[in-house]
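Residue strings, one per chain:
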Amino acid sequence: NTHTRFGLMEGKQAPAGMSLEDIDEQEAAMNREVMGLDIANELSGELDINMAEIDFSEVDDDLKKFQEDEIVKDALQRGVDLGNYARQIESQLRGTEKDSVGDYMKNSTDVADLHLSIKSCDSVLERMEHMLTKFQDDLGKVSSEIKHLQDKSMTMRVKLKNRKTVHKDLDTYVKRIYVSPSLIQSIYEAEIKDQYISNLQELDEKIQYLNRLGKEGRLDKAAKDMVPLCQRAQVKAVSRIRDFLLKKIYLLKKPQTNIQIKQNLLLRFKYLYIFCRKHAPTTAEEIQTVVMEL
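Right, let's walk through the structure included here. Source: prediction; values computed, not measured.

Helix and strand counts for the chain come out as eleven helices and zero strands. Along the chain, helices and strands appear, N-terminal first, in the series α-α-α-α-α-α-α-α-α-α-α. Relative to its 294 residues, the chain shows a buried fraction of 18%. Taking contacts inside the chain between residues at least 6 apart in sequence as the whole, the part at least 24 apart equals 65%. With the model as given, the accessible surface of the chain reaches about 23,400 Å², and the carbon-plus-sulfur share is 55%.

See below:
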């Protein structure tokens, strides 16, 4: 290589005790220093720093907050070196952190068990929540069914009430139009006494009720079936009453008969005559004529 540094010309030897490599290293160091000075001059030329333009308000705020801190204020009053105090605090923090890590490592098994227990509890709570949600849905369905049953029960209660009312009215209606075989037999065959008069009154009520239904045009099939039975029983009753009363009246024509006895007999069978006047006026007039001859 050709060297022109440190006064060395081409073809000359390096100074005693220095090799060409040492000369190169010194030259490189000098070049770096020169280059650094050039960069610094260039930057100082490019950066025109104006101290008046720097805003120190934020720094003042931070310093104010720093001074208002109780721990820092106490340290400053006691003349504590904040640098040493900070290093002491940092050392204590590191010690505490180390102890905390040690405690955690000692209790890691318990912590792991606690974590597993928490996960297990979360799983149980999740299942319980699912069960409660399902139970709530079931309660909603049951509530809906209960309401449906209540509405149905109310409807059935109204229907039952209506049926009872209809049954009561129907029972009364049937009793008023129905002519039982025992009543017919009594009218036809029973001896004319007090019981016969009661049966005759019952027959009279049925005849009058059927006549009223006929006038109002409300005779149904059942009522129409009873009309012929009542008419035949009525004719039979009038016939028997005529024969019975005429026979009794003729017996009273005897001269020895007491007038009081005659009056009691006529009063006792008074309803028989009334029945004839309602349903057989001609027969009633005949009986009345005979009585007048007493």
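Right, let's get into the nonpolar core. Ile187, Leu200, Phe269, Leu272 and Phe275 are the most contacted members of the largest nonpolar core, which has 37 residues in total. The element contributing the most residues to this core is helix α8 (residues 221-252), with twelve residues.

Glancing now at the pattern of salt bridges. The tally for this structure, following the rule as stated, stands at twelve salt bridges. Ionic pairing is found between lysine 147 and aspartate 151, a salt bridge with its closest N-O pair at 3.4 Å. One end of the pair, lysine 147, and the other, aspartate 151, are both in helix α5 (residues 108-177), four residues apart, so they sit about a helical turn from each other. A relative accessible area of 41% means that aspartate 151 is categorised as partly exposed. With a closest N to O distance of 3.8 Å, arginine 268 and aspartate 194 form a salt bridge. Of this pair, arginine 268 sits in helix α9 (residues 259-268) while aspartate 194 sits in helix α7 (residues 194-216), and the two are 74 residues apart along the sequence. It is possible to trace a salt-bridge network through shared partners that takes in Arg242, Asp243 and Glu286.

Conventions and cut-offs
Numbering of residues starts from 1 in every chain and runs along the sequence as written. Restriction of local features to residues with pLDDT of at least 70 applies here, the model being predicted, together with a cutoff of 80 or more for giving and counting side-chain atom pairs; totals for whole chains, interfaces and linings are based on all residues. In computing side-chain values, all of the structure's heavy atoms are included and hydrogens and water are not. To qualify as a helix, a DSSP run of H or I must reach at least 4 residues; to qualify as a strand, a run of E must reach at least 2; elements of each kind are numbered from the N terminus. Classification of residues uses two cut-offs on accessible area relative to the type maximum, computed with a 1.4 Å probe and protein chains only: under 20% is buried, over 50% is exposed, and between them is partly exposed. For this analysis, residues touch if any pair of their heavy atoms sits within 4.5 Å. The accessible surface values rely on the Shrake-Rupley method and a 1.4 Å probe; as for residues, cover is taken only from the protein chains in view. As used here, the term nonpolar core means buried Ala, Val, Leu, Ile, Met, Phe, Trp, Tyr and Cys residues forming a set that is joined through side-chain atoms within 4.5 Å. When a carboxyl oxygen of Asp or Glu lies within 4 Å of a side-chain nitrogen of Lys or Arg, that pair is called a salt bridge.

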